[in-house]
Amino acid sequence: MEAKLDILEKLRADLRLWEGYKPLEAARAERIGLGEIEDAFPQKVFPRKAIHEFITVEPEHAAASAGFIAGILKALLTQGGACLWISMSRTFFPPALIAFNVAPERVIFIDVKEEKEVLWVMEQALKCGGLAAVIAEVKEINIIQSRRLQLATESSKVTGFLLRNDPKKLGSNTCAARWKISPLPSMLEDELPGVGFPRWQVDLLRVRNGNPGSWKLEWVEDTFRPVVEKEEAVVRRITGHYA
Amino acid sequence: MMNERFICLWFRYLLTDWLTLKRPELKEVPFVFAASVHNRVVVTAANSLAEAEGAWKGMALADAKAIAKSLEVVPHIEGQEEKLLKALGEWCIRYTPQVAVDLPDGLIMDISGCAHLWGGERGYLKEIVTRLISKGYHVRGALADTAGAAWAIAHFGQVKPIIEPGGQAEALLDLPPAALRLEPSVLDRLHKLGFYTIKSFIGTKRSALRRRFGPDFLLRMDQALGDEDEPLTLLQPLEPYVERLPCLEPIRTRAGIGIAIRTLLECLCERLYRDGKGMLLVVLRCYRLDGEIMQIQIGSSRASSHVARLYQLFELKIELIRPGLGIELFTLEAPKTGDAEVEQEYLWQPEGCGLEDKGLAALLDTLANKIGADKIHRYLPQERHWPEKSLKLASSLSELPATSWREDRPRPSLLLPNPVRIQVSSILPDNPPMLFTYKGIRHVVKKADDAERIERPWWEDKGQHRDYYVVEDEEGRRYWIFRSGHYDDERSGWYLHGFFA
């Protein structure tokens with residue numbers, strides 16, 4: 001019986017490996033600074049050889065997702081790599097990347113006319129080992145198309161991000177994770193006036209072989225930082241003050 | 001058709017100048033080169049001092065020695081003139097790619113379209129002549145519409161070295177017939193007949209001239225006047241990068257076309273590789289049996305002579321060729337080439353990732369050839385405050401930012417191409433509105449940053465400035481809004497321009 005369990009565990013590990021997840025030891029070093037969110041993924045590491053899907057219905061969501069992805073890009077581009085941004089009607093403004101410590105000149109924008117070109121370009125780009133990441137804005141993607149993308153990313157190590165801007169057509173697909181990033185009211189320390197650091201509600205709606213969940217994050221000094229709840233913060237500040 | 005212009009350089013003392021350079025002690029000495037011809041020793045070249053004493057080229061050496069007592073004699077070196085002229089011609093290739101040797105003592109250069117690079121023909125000719133004189137050669141240069149006229153002016157011209165376009169006939173009139181590069185026997189005959197200048201016979205009937213002096217005489221005259229073309233034997237022939245592949249049987253299949261392209265690419269790449277060049281643009285022409293010519297072309301962002309990669313780019317376009325009844329001839333031409341980049345550097349790339357990556361360049365070529373190069377954009381900072389103009393398109397993958405990106409003020413993740421008008425209420429001067437409506441949804445402004453005033457560049461237009469605010473509503477949605485113009489100006493209005501992360 002135990003031998004059978006061993007075999008089963010071994011098979012599961014192999015399966016994870018084939019699906020693009022690294023073994024634990026190798027993976028640890030490659031965490032990208034998402035903190036406890038990364039624990040939701042198998043092997044407790046953000047899968048790089050995978051397609052991540054972001055639900056961006058409103059432009060506010062798209063802006064928040066773009067910020068969140070830029071934060072991840074900062075980790076992915078540390079080796080001086082480049083990435084591709086594919087879209088049909090792009091509103092993304094490259095100088096926004098500076099706030100996330102990503103050099104905008106490292107991003108190449110492909111502005112195509114047709115939806116099917118977006119997917120074709122993305123598949124070609126995912127096969128190109130010279131890139132660190134590929135971001136594409138698409139309305140629709142079916143299970144076959146997403147499988148093709150997944151196969152392409154497994155042969156290289158390019159991370160794919162899909163920005164889905166039409167919620168009605170969210171079907172099932174083979175993306176490794178489905179995210180939704182919503183803006184949250186920012187908070188400046190000591191109740192200073194003005195707009196604070198970008199702060200988001202991060203909902204991991206679906207994870208292949210992992211655990212979905214919700215977190216609050218903000219981007220402070222070039223890293224993701226979990227948001228400490230207000231009461232706690234107040235208590236801490238008071239105790240800190242009197243201690 | 002561009003106006004053709006030629007320069008003729010005449011090295012009057014070519015051999016003796018060369019020897020003086022090699023043996024400076026000969027500078028003050030009259031000396032001649034001599035060789036034995038038909039059992040007779042003849043002077044083959046004399047320097048200016050020897051000529052001053054009366055020793056000329058073509059004289060018997062014994063006569064020369066009798067006239068000039070202190071004459072030094074150097075044995076003639078066979079073929080030395082040609083060697084020297086070739087070396088000088090190669091040096092002159094810096095001024096024009098088309099240089100030809102004009103034996104025994106000149107160079108002819110086709111300088112069409114080159115002179116403006118040296119600030120006009122006067123400066124150009126002066127530069128060449130003074131550089132050659134400073135090297136130690138006696139040289140006379142002339143510039144005209146035809147090689148023949150330039151030769152004539154260089155050897156016999158008295159007035160000016162540069163003949164303006166179309167002025168060669170007039171400039172030749174007063175010159176002796178020898179200026180037309182005629183055979184000595186013809187010159188003798190002309191002399192005997194009393195034709196001492198060109199104008200004395202140029203008006204004569206062509207048939208009469210032909211009968212008396214032969215067709216060569218007319219050819220030389222026409223070449224000097226520009227009525228007849230004069231082909232130059234160039235030192236470095238310009239070989240275009242073109243390969244041809246005629247087919248025994250007309251080609252009609254995709255596979256056949258593929259093989260043809262590959263064969264041609266291999267030949268052309270081999271040539272380019274030897275020259276250290278790569279193709280930037282490649283044009284394939286297919287000549288069909290019915291006389292139609294099909295043409296496809298590919299572009300490459302890096303000069304490339306990599307057969308497999310270029311073939312991949314062609315593969316995407318083979319289907320555009322309609323073979324019809326069959327293709328009997330393929331030609332492949334690289335009209336635009338560039339210096340191939342050194343492949344070595346890629347070995348040192350960590351992780352093999354980045355803008356310099358060859359895989360990325362190949363990907364972008366594939367994309368450019370399939371969907372169009374105008375769809376690919378990369379941005380660099382530009383020192384402008386106006387948000388839409390704060391970035392510019394990079395011209396190539398390797399172009400680096402000339403200035404740094406502005407970091408002092410945040411910029412939104414999304415920027416609308418056209419700002420959208422919003423309804424606002426509760427406005428105070430120097431403050432963002434308390435409330436605004438965008439696309440029918442009311443937003444209560446909870447937090448806001450100070451205004452950032454961005455002026456229009458005054459040299460471009462007289463529109464209004466913008467006061468930008470970063471605002472956050474009650475749900476935490478962050479926007480970039482601005483007021484156009486002053487608070488109390490009735491033309492002022494509020495707009496939403498972007499979304500922050």
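Computed from a predicted structure; not experimentally measured.

1. Quick notes on the overall build of chain B
In terms of regular secondary structure, chain B is built from 13 helices and 21 strands. In chain B, buried positions account for 33% of the 501 residues. A sequence separation of at least 24 residues applies to 55% of the contacts in chain B between residues at least 6 apart.

2. Overview of helix 13 (residues 358-371) of chain B
Residue and element names in this part refer to chain B. With 14 residues, helix 13 extends 20 Å from end C-alpha to end C-alpha; this agrees with the ideal 20 Å at 1.5 Å per step. Those residues of helix 13 that sit buried are Leu 360, Ala 361, Ala 362, Leu 363, Leu 364, Asp 365, Leu 367 and Asn 369. Of the residues trailing helix 13, Gly 372 is marked for its positive phi of about 110 degrees.

3. A short note on unusual backbone geometry
Pro104(B) follows Leu103(B) through a cis peptide bond whose omega is 5 degrees. One non-glycine residue with positive phi stands out, namely Asp222(A), at about 65 degrees. Checked against the element boundaries, Asp222(A) lands in the loop between strand 8 (213-220) and strand 9 (223-226).

4. Concerning the interface of chain A and chain B
Often, the extent of an interface is quoted as the loss of accessible area upon association of its parts. Chain A puts 44 residues into the contact, and the matching count from chain B is 45 residues. Those elements giving two or more residues to the side of chain A that touches chain B turn out to be helix 3 (59-76), strand 3 (107-111), helix 4 (115-126) and strand 4 (131-138) of chain A. A per-element tally of the side of chain A that touches chain B places helix 3 of chain A first, with seven residues. Across three bridges, the pairing between strand 3 of chain A and strand 12 (residues 376-381) of chain B is antiparallel. Counterpart to Ile108(A) in the pairing with strand 12 of chain B is Arg378(B).

5. Concerning the packing of helix 12 (residues 307-315) of chain B against helix 13 of chain B
Residue and element names in this part refer to chain B. Viewed as axis vectors pointing N to C, helix 12 and helix 13 meet at an angle of 25 degrees, and their least axial separation amounts to 9 Å. Considering their axes alone, helix 12 and helix 13 lie roughly parallel with respect to each other. Between helix 12 and helix 13 lies a crossing of right-handed hand. Across from Arg 309, Gln 312 and Leu 313 in helix 12, the residues of helix 13 making contact are Ala 362, Asp 365, Thr 366 and Asn 369. Its residues assigned to classes, the contact of helix 12 with helix 13 comprises two nonpolar, three polar and two charged.

6. Looking at the sheet that holds strand 9 of chain A
Strand order in this open sheet of eleven strands is 9(A)-8(A)-7(A)-6(A)-1(A)-5(A)-4(A)-2(A)-3(A)-12(B)-13(B), and the pairing throughout is mixed. At either margin of the open sheet sits one strand with a lone partner, and together these are strand 9 of chain A together with strand 13 (391-393) of chain B. Taking each pair of neighbouring strands and ignoring which way they run, the sheet shows an average axis angle of 30 degrees. Across seven bridges, strand 6 (residues 177-183) of chain A lies against strand 7 (residues 199-207) of chain A in antiparallel orientation. The residue of strand 7 of chain A that forms the bridge with Pro183(A) is Trp200(A). Sheet contacts for helix 13 of chain B: strand 2 (82-87), strand 3 and strand 4 of chain A together with strand 12 of chain B; angle to strand 12 of chain B, the most-contacted strand, approximately 125 degrees.

7. A closer look at the packing of helix 11 (residues 254-274) of chain B against helix 12 of chain B
All names here are of chain B. Between helix 11 and helix 12, the shortest axis-to-axis distance is 10 Å and the interhelical angle comes to 140 degrees. Classified by the interaxial angle, the pair formed by helix 11 and helix 12 is oblique. Like other packed secondary-structure pairs, helix 11 and helix 12 cross with a definite hand, here right-handed. For the pair helix 11 and helix 12, contact is made by Ile 261, Arg 262, Leu 265, Glu 266 and Cys 269 and by Val 307, Leu 310, Tyr 311 and Phe 314, respectively.

8. Considerations on the confidence of the model for chain B
Residues and elements named next belong to chain B. Of the residues in chain B, 96% reach a pLDDT of 70 or more, and the chain-wide mean stands at 84. Scored below 50 in pLDDT, residues 343-353 shows 13 contacts in the model against residues more than four places distant or in partner chains. Here the predicted complex carries an ipTM of 0.83, next to a pTM of 0.57.

9. Some remarks on helix 5 (residues 121-135) of chain B
Residue and element names in this part refer to chain B. Compared with an ideal rise of 1.5 Å per residue, which puts 15 residues at 21 Å, helix 5 spans 21 Å between its outermost C-alpha atoms and is within 8% of the ideal. For helix 5, the complete set of buried residues consists of Tyr 124, Leu 125, Ile 128 and Leu 132. An end-on view of helix 5 places all buried positions within 95 degrees of arc, on one side of the element. Those residues of helix 5 that are exposed and angled more than 90 degrees off the buried face are Thr 130 and Ser 134. The positive-phi residue at the C-terminal boundary of helix 5 is Gly 136, with phi of around 115 degrees.

Conventions and cut-offs
- The residue numbers shown here count from 1 along each chain, following its written sequence.
- Chains carry letters and ligands carry numbers; both start at the beginning, A for chains and 1 for ligands, and go up in the order they are written.
- With pLDDT at 70 or above as the cut-off, local features in this predicted model cover only qualifying residues; side-chain atom pairs require 80 or more to be listed or tallied, and sums for whole chains, interfaces and linings still use all residues.
- Numbering goes from the N terminus for both helices and strands, where a helix is a DSSP run of H or I of at least four residues and a strand is a run of E of at least two.
- Remark: C-beta atoms are placed from the backbone, and a residue is labelled buried if 20 or more other C-beta atoms sit within 10 Å of its own, exposed if 12 or fewer do, or partly exposed between those counts.
- By the criterion used throughout, residues are in contact when their C-beta atoms, derived from the backbone, lie within 7 Å.
- Multiplying one less than the number of residues by 1.5 Å gives the expected span of a helix.
- Pairing between two strands requires that DSSP report at least two bridges joining them.
- Lines fitted to the C-alpha atoms define the axes, with helices restricted to the stretch that makes contact. Angles between their N-to-C directions range from 0 to 180 degrees.
- Orientation categories follow fixed angle ranges, with anything under 35 degrees roughly parallel, anything over 145 roughly antiparallel, 65 to 115 roughly perpendicular, and all other angles oblique.
- Rotating anticlockwise by less than a right angle from the far helix to the near helix defines a left-handed crossing, while the corresponding clockwise rotation defines a right-handed one.
- Note that Gly is not counted as nonpolar here; it falls among the polar residues with everything else outside the nonpolar set of Ala, Val, Leu, Ile, Met, Phe, Trp, Tyr, Cys and Pro and the charged set of Asp, Glu, Lys and Arg.
- The predictor reports its confidence for every residue as pLDDT, a score running from 0 up to 100.
- Starting at the helix axis, one direction is taken to each C-beta atom, and the arc is that of these directions.

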